[in-house]
Amino acid sequence: MRWKEQLLDLTPYQPGKSIEETKREFGLEKIVKLASNENPYGCSKKVLSALRENPPKPELYPDGYATVLRETLSSAMNVQPGQLIFGNGSDELIQIISRALLHPGANTVMAAPTFPQYRHNAVLEGAEIREIPLVNGEHDLEGMLDAIDERTNVVWLCTPNNPTGTYIKNNELEAFLEKVPKDTLVVIDEAYAEYVVAEDYHDTVDLANRYGNLILLRTFSKIYGLASLRIGYGVAHPSIISNLEPAREPFNTSSFAQLAAKTAVDDKEFLNECKKQNREGLNSFYRFCDEHCLEYYPSQANFILINFKRDGDEVFKYLLSRGYIVRSGKALGFPTCVRVTVGSKEQNEGLQSLILDYLQSGVLK
Ligand SMILES: *Cc1c(COP(=O)(O)O)cnc(C)c1O
């Protein structure tokens, strides 16, 4: 078989340990999963009732244009319907963008470490990858500008960045956008935007309206709690959307996902409550880390990257064997760190007391 050469170097995505797998392996009853930045409060109750009371027909193809969701979102955000594109998760939008713009002969600029799917898709398309190291956990925008040339087709920004939780300030972002060539597409992945409390975070719609070489990606997987249904969206100038649309599969988002997402957009109260609880949880992690001299990056997302200054896999294994699944920083580019999703109050307290046991016992294995 004559596989694409670049495919041979890639490994499939390694998901975090599943709850069932962990239960069996360690003979545990209760498992707390704080590994994939899922919403500890689930999704809006209104979503569950809508799916129960008015379920779509599984035998029918979904509406490929996602008309109802599109209208709901366009009026909620105050953008034109033609400024939106929907994906099977924002992961698929990353794939669509890569498919539409990257090829051997083009290059793409991104931070490192950041969300791995930008790199993964760029490798598949055979593009040259230019990774610019984070500085103090933040995007080095100057360094990224220096890396852009006439063959740079896509620049990726992740804000808040996964796995650091750090964000790009609006004035710095705009200064950057002013300097990027008009024929280079800038992708701003805002998977955690709904959790942001920083006042100098950018305004998504304002930027989408002002820059013709920009797309902002959002997802229903994180604060909306719909990760299993696979749906995300992009907001951009209509000309960007119309160029991307042919690279999208016609029925990429299911009727169930569209209905759930539409209903979720209408439940602002659920969102506000999750945002508030998340901030309280983050504050409790800040206090805990300060008290026990653990370094961390201040986060605008629903996770926190904590530096234990020892092998992240060891911390991960200790917590795993006691029923808490977190993410070792090893695979995320921070080998001495652990990334923890902010859970419910009870879950956060449980994890913190376990970390304390770990620190006090001085256990290394
Ligand atoms: C979780 C995540 C995504 C993927 O979200 P899906 O919509 O579930 O595909 C995209 N970008 C970042 C930075 C994420 O953390």
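Residues numbered from 1 in each chain as written. Predicted model: local features only at pLDDT ≥ 70, side-chain atom pairs only at ≥ 80, totals over all residues. Heavy atoms only, no water.

Enquirer: Teacher, can you tell me more about unusual backbone geometry here?
Expert: Phi is mostly negative for residues that are not glycine, and the peptide bonds are mostly trans. Geometrically, the link from A112 to P113 is a cis peptide bond, its omega value of -5° lying close to zero. Secondary-structure assignment places P113 in the loop between β3 (107–112) and α5 (117–124). Each neighbour pair has its own omega, and for T159 with P160 the value is -5°, a cis peptide bond. In the Ramachandran plot, N37 falls in the positive-phi region, its phi being about 60° despite a non-glycine side chain. Along the chain, N37 turns up in the loop between β1 (32–33) and α2 (45–53). One non-glycine residue, N136, lies in the positive phi region at around 50°. Note on placement: N136 falls in the loop between β4 (128–133) and α6 (141–147). (Helix = DSSP H or I, 4+ residues; strand = E, 2+ residues; numbered from the N terminus.)

Enquirer: Before we go on, may I ask you to explain the sheet that holds β3 in this structure?
Expert: Within a sheet, neighbouring strands are paired by backbone hydrogen bonds and run either parallel or antiparallel to one another. Read from one edge to the other, the open sheet built from seven strands follows the order β2-β8-β7-β6-β5-β3-β4, with strand pairing classed as mixed. Taken across any chain shown, the strands that pair with only one partner, and hence form the sheet edges, are β2 (84–87) and β4. Mean inter-strand twist for the sheet, computed between neighbouring axes without regard to direction, equals 20°. As paired elements, strand β7 (residues 214–219) and strand β8 (residues 232–236) share five bridges and run antiparallel to each other. Looking at β8, one finds that L217 is bridged to G234. On the sheet, α5 packs against β3, β4, β5 (152–158) and β6 (185–189) and is oriented at approximately 160° with respect to β4. (Pairing = 2+ DSSP bridges. Axes fitted to C-alpha atoms, helices over the stretch in contact; angles between N-to-C directions. Contact = heavy atoms within 4.5 Å.)

Enquirer: Explanation requested: the domain arrangement of the protein in the structure shown.
Expert: Where interface size is quoted, it is often the accessible area lost as the parts come together. Domain annotation of the protein identifies domain 1 (5–43 + 269–360) and domain 2 (45–267). Distance between the C-alpha centres of domain 1 and domain 2: 24 Å. Opposite the 29 residues of domain 1 that make contact, domain 2 presents 33 residues. Of all residues in domain 1, C43, L271 and Q300 bury the most surface against domain 2, accounting for 26% of the area lost on that side. Along the contact surface separating domain 1 from domain 2 lie zero salt bridges. Taken together, domain 1 and domain 2 are joined by 11 residue pairs in polar contact (both at pLDDT 80 or more). Mapped onto the side of domain 1 that touches domain 2, the elements with two or more residues apiece are α11 (268–291) and β10 (303–307). When residues of the side of domain 1 that touches domain 2 are assigned to their parent elements, the largest contribution, seven residues, is made by α11. Classifying every residue of the side of domain 1 that touches domain 2 by side-chain character gives 14 nonpolar, 11 polar and four charged. (Domains from an automatic or database assignment. Buried area = accessible area lost by both parts, 1.4 Å probe. Salt bridge = Lys/Arg side-chain N within 4 Å of Asp/Glu carboxyl O. Polar contact = N/O pair within 3.5 Å; in protein donor to acceptor, adjacent residues only side chain to side chain. Nonpolar A, V, L, I, M, F, W, Y, C, P; charged D, E, K, R; others polar.)

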